Every structure is written in C-alpha cells, then in structure tokens.
Amino acid sequence: MSPGIRFLLGFAFSALGYGLLYPGWPPGLSFGLWVGLLWVALAVTRPLSVWKQPRVMLLSIALWATAIQAGVEISFINGAVAMGLLVALLGETTFTLFPAGWPRFSEALWALAKAPFRWFAVIGRVGGFLRRDGRHRAGQAAAGLRVVLPTLLVLSVFCVLFSLGNDAFADALAWGCRHAFGWVRMDLPGFLLFLLLATFTLAWVSPSLPADPSPRVWTRQLPRFPVRNPLLARQRSFVLLAAVNGLFLVVNGLDLAALCGWGVLPSSAAGHSEAVRHHVGFLLLAVGFAGGVLTVVFHQAAEVARLPSLLRLGQLWVFQNLLLVALVGWHLGAYIQAFQLTVARVYVGCLLLLVLIGFLLLWRHIRQEGPIGRLLRECAVSAFVVLFCLQFADVGGWVARFNVWRWQGGASGRSLDLPYLVSLGPSALPVLQELQRNGLPTGEAGREIRLAYREKWETRNWRSFQLRPSALVNRHTPAGGERIVTPARS
C-alpha cells in the first residue's frame, strides 16, 4: 500500500475516531467501536500472513473482548488493558524483524513516542509534492475526476429518489450528512483531540520503521556485574542480606506478636485503618527496594551469586516479604470486618495478590539463576492477566452483596451504610430490591440511584451507552416506572 493511501486512510480513521469519542464524552460504546476500528485499520494495512500467527490471533481475541467490555461497562482498567493490547498488536504485526515479545512491544512504543515529530516530515513531503510537476499532478486529478464523475452523478440521483420515497433512508441520510460535516465546526478541545487522534492514527497505519533492525539497548540481556575481589564481594553481600533480614525479622516479629496476643494489637477500626495505610505504603517501597537489592546481589559473577549462604539468605528475605504480604492482608481483613468492604479495598487486595505473585517469581528466579529479563516479563504478564480478568468483574456488585450479607448476619454490629451503597450506582440495585422484598428498610436508596443515573443519561447520547448499568436500572425499576432506553441518534 502506497504512503499516500496510508495517509488518507489514517486521516479517515482519525475523523471516525473524533466523531465517536468527542460528541459522546465520557465514552462507553464509542470507545469499544474506536478500538475495533483500529484493529480494522491494522487488518487492511498489514499482510495477511501475520494474522495467522497464534500470538497475533490470541491478542486479537483479547482486544475484541476488551472492546466489547467497553460497551458493557467501561473503566480505567478497561482502557489501560485496551491500550496495552493495541501496542502489543502493533508490535507483533509491524515490527516482525525483531524477536517476538518485549522487543516488538518496545519498538511499537518507541514508534508511537516519535509520532508527534513526524508531522514535520509529512508537511515537508506534502510541500514537495505540490512543488513537483504541478501540471502533471493536476492532469492526473482531472483524469481521476472524469473516471468517478458519472458514478457520483448516478449515485446522487438514486439518493434523491430514495430519500423522497423512503422515510427511513431520508432520516439516515440526513443524520449521516449532519454528522459527517458537523465535526468541521470544532472548538479548541475538539481540535486538540482531533490532532491527538490524527497523530496516533497516522503512526498506527504507517509507523516509522527502523533502518537498522539490530537489538535496541533496552532489549539486550544485562550482563553480570564484574567482580574484582570475589572475597570482598561475598563478605559485603553476606553482611547486607543478613542485616536486611534482621530488620524484616524485627518488623514481622512485632506484627506476629500482636497477632498472637503477645503485644499491642490495634483494637479499633481506626487502628486497623492506620495499619493498612502504613503497611501498603511500606510494602510498595519494600517491593522496589527488595527487587533492586536482590537484582544487584544475585546478578554478580557466578562465584559470588551462587554462594550457598547467600542463596539461603536471599530466599529467607523473599520468605519474609511473603510474610509481610500476609500480615498486610490480615490487617486489611480486620479493617473490613470492623467497617465494610469497599471498591478501593478490593483493589488493594488485588495489589497484594500481584505482590505475592511477584515475590514467588523472584523466589524461583533466585533458585534457578534465570535472566533478569525473564523475571520482568513474567511479572508484567502476571499483572496483565490479573487486570484483564478484573475488567470484566462487577466489583461494585460484589461489594454491595458482601456488605449486605454481613449486615444481615449481624457480624459487624453496625448499621447498613446506605449512602455508600447509593454511591456504588446501579450495581447496588439488585441487593436493595432484595432488601425491599424482605421488608427491610432501605428508604429511597434505590430511587436515588435510578434518578441519578437518569439525570446523567439525559446529557449523553448513544456513544456513552453502557449495557450493564442500563440493564440493571431497567431490570430493577418498579412496575409502571420510567425505563431507560437507548437514546435516539443525535
């Protein structure tokens, strides 16, 4: 495909993306359609052979599942997963001269990062095209016009006839014309969005290919750190790991003593809240610190890194980090028991799960003496899998059902937090309706949720449509109540 056709195709997809995203902000169904259009742009501009590869097929299936989920219920995780899949798909279908995986993914990221600077080259090529053989180009344009002019005239006649004799076609034609040319009257935010989409889409359909396919610096395997004095390196590493293990032993020991009733245990919910906040913050710092120190220590020369005493100390430190994660989970569970489950606490639990997986992979890395690149790839894939699965979950519904279940069981000894259930939106409607059927007092909570959703819906069009909240509102609307329908075309 010639560069000119790629440029026109990129411009057309930019206009479609603008028409989908800008008039219907915040996005919903429109974001899924835009992601699907980007896949179509790749499909028509890349060789058919690359789409037969298992890795590309798997990425395509995951991307379409993510795009469909945007129409069901969009979230930040859904958008982040979609962007990651798009970059991975761009790398696997375009930069095939590089090894699969991280080299192609990073090359796609680098091509998108260079996209804004390519406008200078595009402007230069357009200027050269206009200066070169102007009469010849004009003659070619006139010849092309003579070819398509009869077709345009015949189509125009048929469009007029059908619009006069078919009301549905007339409405569709009027709607299409209004939206096809309405984007020209854009304001400054709209212009900036269109410029961003054009920059991204042009780089998407015609990315900058490297002149030299040699491995990039960030894709090369990190060599082991040289050691001039092996005895000094062993002693220094042993003292370092022993000291850090001692510190972690004190911290974990105090928490275990409190857990077993031998020390001061935070008896109030506020005490558990402070423990959770402090432990999560410390855990994030400990992850980076532990990973960095272990990388340096066990990436030294083999005569140092494979010392049995260092291996045992390294594995002990990983075990203490796993214990730290378990203690943070215990504090989080105690806080939930004292108060209630929230969406933020669910995500904290997912963070703890990712940290747990990361340290288990680090344990295996130390035992098997694998390359650092493989450890980082495995951690990245594990995080992506967790986020990919989480985007399909109705976390608000989980939280609402769990809190109502505990309140009905009388485990917490606290009243039901109806304002928080209302803040969860339509996801809380099923449990609220169940409470009403059982004669339990819920006040106007369900009505507040439905009214708030309808007020938001009145300011949106079909581009912002999301299936799950709309279906929940319609399903749990009392008989005779006003139901939500998909808005008319606008």
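Just so we're clear, the structure is a prediction, and the values are computed from it rather than from any experiment. (Residues numbered from 1 in each chain as written. Predicted model: local features only at pLDDT ≥ 70, side-chain atom pairs only at ≥ 80, totals over all residues. Heavy atoms only, no water.)

## Regarding the overall build of the protein
Right, on to step 1. On a plain count of helices and strands, the protein comes out with 20 helices and zero strands.
Right, on to step 2. Split into buried and exposed, the 490 residues of the protein put 39% on the buried side.
Right, on to step 3. Long-range pairs, those at least 24 residues apart, make up 75% of the contacts in the protein with a sequence separation of at least 6.
Right, on to step 4. With the model as given, the accessible surface of the protein reaches about 27100 Å², and the carbon-plus-sulfur share is 70%. (Helix = DSSP H or I, 4+ residues; strand = E, 2+ residues; numbered from the N terminus. Buried < 20%, exposed > 50% of the residue type's maximum accessible area, 1.4 Å probe, protein only. Contact = heavy atoms within 4.5 Å. Areas by Shrake-Rupley, 256 points an atom, 1.4 Å probe, with all protein chains shown as cover.)

## Regarding the side chain of Asn252
Right, on to step 1. Counting through the fold element by element, Asn252 comes out in helix 10 (residues 230–259).
Right, on to step 2. Ignoring sequence-local partners within four residues, the contact set of Asn252 consists of Gln320, Leu323, Leu324 and Leu327.

## Comments concerning the pattern of salt bridges
Right, on to step 1. All chains considered together, the criterion is met by five salt bridges.
Right, on to step 2. The partner of Glu92 in a salt bridge is Arg104, and the shortest N-O contact between them spans 2.7 Å. With a gap of twelve residues between them, Glu92 in helix 4 (residues 76–94) and Arg104 in helix 5 (residues 102–113) connect regions that are remote in the sequence. Assigned by exposure class, Glu92 and Arg104 land together as buried.
Right, on to step 3. Between Arg364 and Glu378 there is a salt bridge; the shortest N-O distance is 2.3 Å. In this pair, Arg364 is assigned in helix 14 (residues 343–368) and Glu378 in helix 15 (residues 372–390), connecting sequence segments 14 residues apart. (Salt bridge = Lys/Arg side-chain N within 4 Å of Asp/Glu carboxyl O.)

## A few points about the packing of helix 2 (residues 29–45) against helix 4
Right, on to step 1. As a packed pair, helix 2 and helix 4 sit with axes 11 Å apart at the nearest point and diverge in direction by 5°. By the angle between their directions, the pair helix 2 and helix 4 is classed as roughly parallel. Together, Phe31, Trp34, Val35, Leu38, Trp39 and Leu42 of helix 2 and Asn78, Gly79, Ala82, Met83, Leu86, Leu89, Leu90 and Thr93 of helix 4 make up the contact between the two elements.
Right, on to step 2. Along the lines of polarity and charge, the residues of the contact of helix 2 with helix 4 split into eleven nonpolar, three polar and no charged. (Axes fitted to C-alpha atoms, helices over the stretch in contact; angles between N-to-C directions. Parallel < 35°, antiparallel > 145°, perpendicular 65-115°, else oblique. Nonpolar A, V, L, I, M, F, W, Y, C, P; charged D, E, K, R; others polar.)

## Quick notes on the layout of surface pockets
Right, on to step 1. By volume, the largest pocket is sized at about 1200 Å³.
Right, on to step 2. Lining the largest pocket we find 33 residues, and of these Gly101, Trp102, Arg377, Ala380 and Val381 sit closest to its centre.
Right, on to step 3. Broken down by secondary-structure element, the contributors of at least two residues to the lining of the largest pocket are helix 3 (54–72), helix 4, helix 5 and helix 15.
Right, on to step 4. Broken down by element, the residue count for the lining of the largest pocket peaks at twelve residues, all from helix 15.
Right, on to step 5. Of the pockets and cavities examined, the second largest pocket occupies roughly 750 Å³.
Right, on to step 6. Glu73, Ile74, Leu424, Gln466 and Pro469 are, among the 33 residues lining the second largest pocket, the residues nearest its centre.
Right, on to step 7. Elements with a minimum of two residues in the lining of the second largest pocket: helix 14, helix 16 (395–409), helix 17 (418–423), helix 19 (445–458) and helix 20 (467–475).
Right, on to step 8. Sorting elements by how many residues they give to the lining of the second largest pocket places helix 19 first, with six residues. (1 Å grid on protein atoms, 1.4 Å probe; cavity = no way out; pocket = protein on both sides within 12 Å on 5 of 7 lines; lining within 4 Å. Points joined across faces, edges and corners; volume = space filled by probe spheres on them.)

## Quick word on helix 3
Residues spaced three or four apart along an α-helix point in a common direction, a consequence of the helix completing one turn every 3.6 residues.
Right, on to step 1. In a regular helix each residue adds 1.5 Å, so 19 residues correspond to 27 Å; helix 3 covers 27 Å between its end C-alpha atoms and thus fits that length.
Right, on to step 2. Here helix 3 has its buried residues at Val56, Leu59, Ser60, Ala62, Leu63, Thr66, Ala67, Gln69, Ala70, Gly71 and Val72.
Right, on to step 3. Buried positions along helix 3 lie against helix 2, helix 4, helix 15 and helix 20. (Expected span 1.5 Å × (residues − 1).)

## Here's the deal with a nonpolar patch on the surface
Right, on to step 1. Together, Trp102, Leu109, Trp110, Val217 and Trp218 line one region of the surface with nonpolar side chains, adding up to about 520 Å² of accessible area.
Right, on to step 2. With respect to the helices and strands, the residue Trp218 is situated in the loop between helix 9 (188–205) and helix 10.
Right, on to step 3. Judged by its relative accessible area of 39%, Trp218 is partly exposed. (Patch = residues over 30% accessible without salt bridge, like charges linked within 9 Å, V, L, I, M, F, W, Y side chains within 5 Å.)

## Describing the packing of aromatic side chains
Right, on to step 1. All chains considered together, the criterion is met by 13 aromatic pairs.
Right, on to step 2. Considering the side-chain rings of Tyr18 and Tyr22, the 5.2 Å spacing of their centres and the 20° angle between planes classify their relative orientation as stacked.
Right, on to step 3. Residue Tyr18 is classed as buried on the basis of its relative accessible area, which comes to 4%.
Right, on to step 4. Judged by relative accessible area, Tyr22 falls into the partly exposed class, the value being 28%. (Phe/Tyr/Trp six-rings, centres within 6.5 Å; stacked < 30°, edge-to-face > 60°.)

## Digging into the nonpolar core
Looking at soluble globular proteins, one finds that nonpolar side chains tend to be buried together.
Right, on to step 1. In terms of nonpolar packing, the biggest core is built from 96 residues, with Trp34 and Trp204 touching the most fellow members.
Right, on to step 2. Here this core gets eleven residues from one element, more than from any other, and that element is helix 13 (residues 308–338).
Right, on to step 3. The residues touching Trp204, leaving out its near neighbours within four places in the chain, are Leu38, Ala41, Leu42, Arg46, Leu86 and Leu90. (Core = buried A, V, L, I, M, F, W, Y, C linked by side-chain atoms within 4.5 Å.)

## Structural notes on the environment of Val431
Right, on to step 1. Considering the arrangement of structural elements, one finds Val431 in helix 18 (residues 429–437).
Right, on to step 2. Relative accessible area serves as the criterion here: at 11%, Val431 is assigned to the buried category.
Right, on to step 3. Put simply, Val431 and Ala400 are 31 residues apart on the chain and 6.9 Å apart in space, counted from C-alpha to C-alpha.
Right, on to step 4. With residues near it in sequence (within four places) discarded, Val431 still touches Ala400, Arg401 and Val404.

## As for the confidence of the model for the protein
Right, on to step 1. Across the protein, the average pLDDT comes to 80, with 82% of residues at or above 70.
Right, on to step 2. The low-confidence segment residues 263–270, where pLDDT is below 50, has twelve contacts with residues more than four positions distant or belonging to other chains.
Right, on to step 3. The model gives residues 485–490 a pLDDT under 50, and that stretch makes 17 contacts with residues more than four places away or in other chains. (pLDDT = per-residue confidence, 0-100.)

## Details of helix 14
Right, on to step 1. With 26 residues, helix 14 should reach 38 Å at 1.5 Å per residue; the first-to-last C-alpha distance of 38 Å fits that figure.
Right, on to step 2. Turning to helix 14, its buried residues number three or more, namely Arg345, Val346, Cys350, Leu352, Val355, Gly358, Phe359, Leu361, Leu362, His365 and Ile366.
Right, on to step 3. Downstream of helix 14 by a residue or two, Glu369 has a phi angle that is positive, lying close to 55°.

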